[in-house]
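This is what each chain is made of:
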Amino acid sequence: MATTEVTPSSSGNVRTLKVKRFKPSEDPKNTYLTDEKGLWAWMTTVDHKKIGLMYLGSVAFFFLLGGVLALLLRTELLTPAKTFIEADTYNQFFTLHGAIMVFFVLVPSIPAALGNFVLPMQLGAKDVAFPRLNLASFYIYVIGAIFTFIALANNGLDTGWTFYTPYSTTSSSSVIWVTLGVFILGFSSILTGTNFISTIHKMRAPGITWGKLPLNIWALYATSIIQVLATPVLAITLLLLTMERFLGIGIFDPALGGDPVLFQHFFWFYSHPAVYIMIVPGFGIISEVITTFSKKHIFGYWAIALSSLAIAFIGFLVWGHHMFTSGQSAVATTVFSFLTFLVGIPTGIKILNWIATLYKGSIEMKTPMLYVFIFLFLFSIGGFTGIMLGALSADIHLHDTYYVVAHFHYVMMGGTLIALLAGLHYWWPKMTGKMYNEFQAKIGAVLIFVGFNVTFLPQFIMGSQGMPRRYYNYIDQFTIFHQTSTIGSYILGVGFLLIAYYLMKSLFTGEKAGSNPWGSRGLEWQATSPPDFHNFDHTPVIINGPYDYHKPMEEFQLGLADSHNGHDPSHEAAEVTAARKKVESN
């Protein structure tokens with residue numbers, strides 16, 4: 001048994017803790033999957049891991065729905081005129097595809113699904129700060145989804161996912177009910193963000209100072225701030241839209257004395273920061289995976305951590321770049337253009353530091369790492385094309401063309417979704433206790449990469465040549481680009497089906513995963529696979545940084561020796577080599 005000194009920041013006093021090693025069992029008898037069984041137990045659980053999995057299942061369902069719609073859209077665009085659906089149906093399909101993918105998939109995918117699962121474990125906590133509120137957030141998300149889909153089934157939606165006025169104030173489709181559904185979804189997002197912020201501030205294990213937080217936690221922290229501050233603006237905007245439709249108050253409709261551009265200001269004040277709600281958590285995953293499979297300390301820890309907060313801050317200042325063609329003043333457009341370039345700096349800092357981390361690292365090309373490289377390639381293209389759209393002269397030419405569609409997908413799908421796949425493959429053994437087929441997983445990654453680029457690279461070309469987005473018909477000049485793009489979408493579809501196949505198969509026939517199959521130094525990997533119901537059967541004590549790969553593994557498996565905190569005495573308790581280490585605590 002060894003001791004370690006802890007300095008609470010509030011008092012500055014040093015206190016000594018008795019610690020010992022808790023080596024995680026490779027054959028756990030009780031896990032969160034076995035402690036509570038049955039449908040009712042799942043529906044009423046307050047366990048953050050199960051809630052995370054329920055979010056993951058919901059996101060997968062909506063992704064399937066949005067993906068099928070995308071394939072139908074691409075099939076319709078195989079020919080310049082009608083292929084198999086009417087123009088109005090096409091209009092409703094692309095609206096549904098956008099709304100489902102943004103509000104039901106991309107926004108909750110990483111924070112609510114993977115974030116819920118790993119955040120408390122990376123902090124050494126038993127759960128989030130408000131477990132019941134966490135469950136309530138999930139059900140609010142489900143209620144919002146049901147509300148939205150009932151409205152869609154009744155009368156459809158044809159406004160595009162942006163609900164732009166004045167069309168949305170006059171459309172006969174279910175605009176009001178769908179926006180109310182999204183309004184309900186917003187509360188889920190706000191409550192999840194509040195819960196995460198409270199957990200990060202108050203529930204860190206002894207020794208986890210701000211300088212020892214995993215970068216995934218920093219990313220989720222920045223995301224939560226955006227969720228809490230930006231989402232209410234969308235809620236108010238949609239409420240105003242509803243009031244205008246129901247009460248005839250002139251807010252956005254010019255016929256009633258309103259201003260449709262005001263809607264765009266409100267909408268993008270939320271929706272541009274929302275882009276960072278989707279992508280910043282992905283940055284956290286990339287930082288975790290890249291260090292684990294490089295077996296190297298992250299390069300520029302504080303630069304990456306603070307750049308997440310910088311993105312969150314600057315993200316609130318750039319909404320006007322979506323409105324360069326709306327009649328803003330020359331001064332306003334110039335300022336927004338400059339600020340758009342500014343937001344590229346913290347993002348560039350991250351990419352530079354990730355590449356520097358790879359330098360002289362002991363790189364292991366497992367599937368999660370493969371997705372990291374795919375992310376770096378695709379997201380960089382998305383970022384660079386975003387800088388071009390931030391330039392006033394280029395944006396005027398490219399506005400509302402397929403170039404914007406391609407840029408958006410390279411950022412959102414090439415960034416967020418690829419990061420989600422990296423995180424899913426990285427934490428899958430921890431979540432399920434099973435390993436997937438590595439060969440099939442690599443085939444799936446290659447299919448995703450090839451299919452994605454075949455789908456969206458041609459869209460940059462036809463967009464730069466003037467092909468408008470959302471159009472049902474097009475001139476023959478663009479046929480080859482559309483057909484190539486459609487073939488690419490089919491390859492993408494095959495890739496996602498393969499991923500679903502081998503992940504599901506692994507649940508039944510997959511090899512048993514050890515507690516730490518990747519050899520990570522992350523705290524979540526010092527628990528069993530799958531984890532105990534309370535994550536750890538002891539109170540973890542942290543004396544090293546999360547990426548100190550030059551330190552021995554046993555120094556990352558320490559816990560309070562005398563906490564009697566549900567500790568299983570059958571676990572091995574080894575002596576700690578370093579007898580006394582001075583560490584800081586919150």
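From a predicted model like this one, the values you see are computed outputs, not experimental measurements.

A. Examining the overall build of the chain more closely. Scanning the chain from N- to C-terminus turns up 16 helices and four strands. Taken over C-alpha atoms, the radius of gyration comes to 24 Å for the chain, in line with the 25 Å a tight globule of 586 residues would show. Seen through its C-alpha atoms, the chain measures out along the principal axes to roughly 75 × 50 × 50 Å. In the chain, which comprises 586 residues, the proportion classed as buried is 60%. Sequence separation of at least 24 residues holds for 80% of the intrachain contacts in the chain that already meet a minimum separation of 6. On the chain, roughly 22300 Å² of surface is accessible, and the fraction owed to carbon and sulfur atoms is 68%. With 34 positive and 32 negative side-chain charges, the chain shows a separation of 8 Å between the mean positions of the two kinds.

B. Spatial organisation of empty space enclosed by the protein. One pass over the structure, following the stated rule, counts five cavities of 30 Å³ or more. Roughly 170 Å³ of internal volume is contained in the largest cavity. Lining the largest cavity are 17 residues, and of these Phe103, Val107, Pro108, Leu185 and Ser189 lie nearest its centre. For the lining of the largest cavity, the secondary-structure elements that each account for two or more residues are α4 (87-123), α7 (175-202) and α8 (215-247). Taken together, the residues that form the lining of the largest cavity break down as eleven nonpolar, six polar and no charged. Contributing to the lining of the second largest cavity are 15 residues, with Arg521, Leu523, Ile542, Asn544 and Pro546 lying nearest its centre.

C. Quick peek at the packing of aromatic side chains. Following the criterion strictly, the structure yields 44 aromatic pairs and no others. Ring geometry for phenylalanine 267 and tryptophan 268: centres 5.1 Å apart, planes at 90°, overall edge-to-face. By relative accessible area, which is 9% here, tryptophan 268 ends up buried. Every member of this aromatic cluster is reached through a ring pair, and the members are Tyr55, Phe61, Phe62, Phe104, Phe138, Tyr139, Tyr141 and Phe149. Seen from the ring of tryptophan 210, arginine 204 lies directly overhead, with NZ or CZ sitting 4.8 Å from the centre. Over the ring of phenylalanine 293 we find lysine 295; its NZ or CZ atom is 5.9 Å from the centre of that ring.

D. Spotlight on the UniProt feature "domain: Cytochrome oxidase subunit I profile" (unreviewed entry) in the chain. Those residues carrying the UniProt feature "domain: Cytochrome oxidase subunit I profile" (unreviewed entry) are residues 36-543 in this numbering. Along residues 36-543 one finds 70% helix and 0% strand; the C-alpha atoms at either end are 33 Å apart.

E. Region of the structure containing a nonpolar patch on the surface. Taken together, the side chains of Phe147, Trp177, Leu239, Met243, Phe246, Leu247 and Ile249 define a hydrophobic patch exposed on the protein surface, amounting to about 670 Å² of accessible area. Residue contributions to the nonpolar patch peak at four residues, all from α8. Here isoleucine 249 is to be found in the loop between α8 and α9 (260-292). Overall, the relative accessible area of 35% leaves isoleucine 249 in the partly exposed class.

F. Geometry of the pattern of salt bridges. Across all of its chains, the model carries six salt bridges by this definition. A salt bridge links lysine 512 to aspartate 27; its shortest N-O distance comes to 2.6 Å. Residue lysine 512 is found in the loop between α16 (479-509) and β3 (558-560), and its partner aspartate 27 is found in the loop between β2 (15-21) and α1 (32-35); the two are separated by 485 residues along the sequence. Of the residues examined, lysine 512 reaches a relative accessible area of 54% and is grouped as exposed. You can call aspartate 27 partly exposed: its relative accessible area is 41%.

About the cut-offs
- Residues numbered from 1 in each chain as written.
- Predicted model: local features only at pLDDT ≥ 70, side-chain atom pairs only at ≥ 80, totals over all residues.
- Heavy atoms only, no water.
- Helix = DSSP H or I, 4+ residues; strand = E, 2+ residues; numbered from the N terminus.
- Rg over C-alpha atoms; globule rule 2.2 N^0.38 Å.
- Buried < 20%, exposed > 50% of the residue type's maximum accessible area, 1.4 Å probe, protein only.
- Contact = heavy atoms within 4.5 Å.
- Areas by Shrake-Rupley, 256 points an atom, 1.4 Å probe, with all protein chains shown as cover.
- Lys, Arg positive; Asp, Glu negative; His and termini not counted.
- Charge placed at Lys NZ, Arg CZ, Asp CG, Glu CD.
- 1 Å grid on protein atoms, 1.4 Å probe; cavity = no way out; pocket = protein on both sides within 12 Å on 5 of 7 lines; lining within 4 Å.
- Points joined across faces, edges and corners; volume = space filled by probe spheres on them.
- Nonpolar A, V, L, I, M, F, W, Y, C, P; charged D, E, K, R; others polar.
- Phe/Tyr/Trp six-rings, centres within 6.5 Å; stacked < 30°, edge-to-face > 60°.
- Lys NZ or Arg CZ within 6 Å of the ring centre and 35° of its normal.
- UniProt positions renumbered as here; feature names shortened; annotations may be inferred.
- Patch = residues over 30% accessible without salt bridge, like charges linked within 9 Å, V, L, I, M, F, W, Y side chains within 5 Å.
- Salt bridge = Lys/Arg side-chain N within 4 Å of Asp/Glu carboxyl O.

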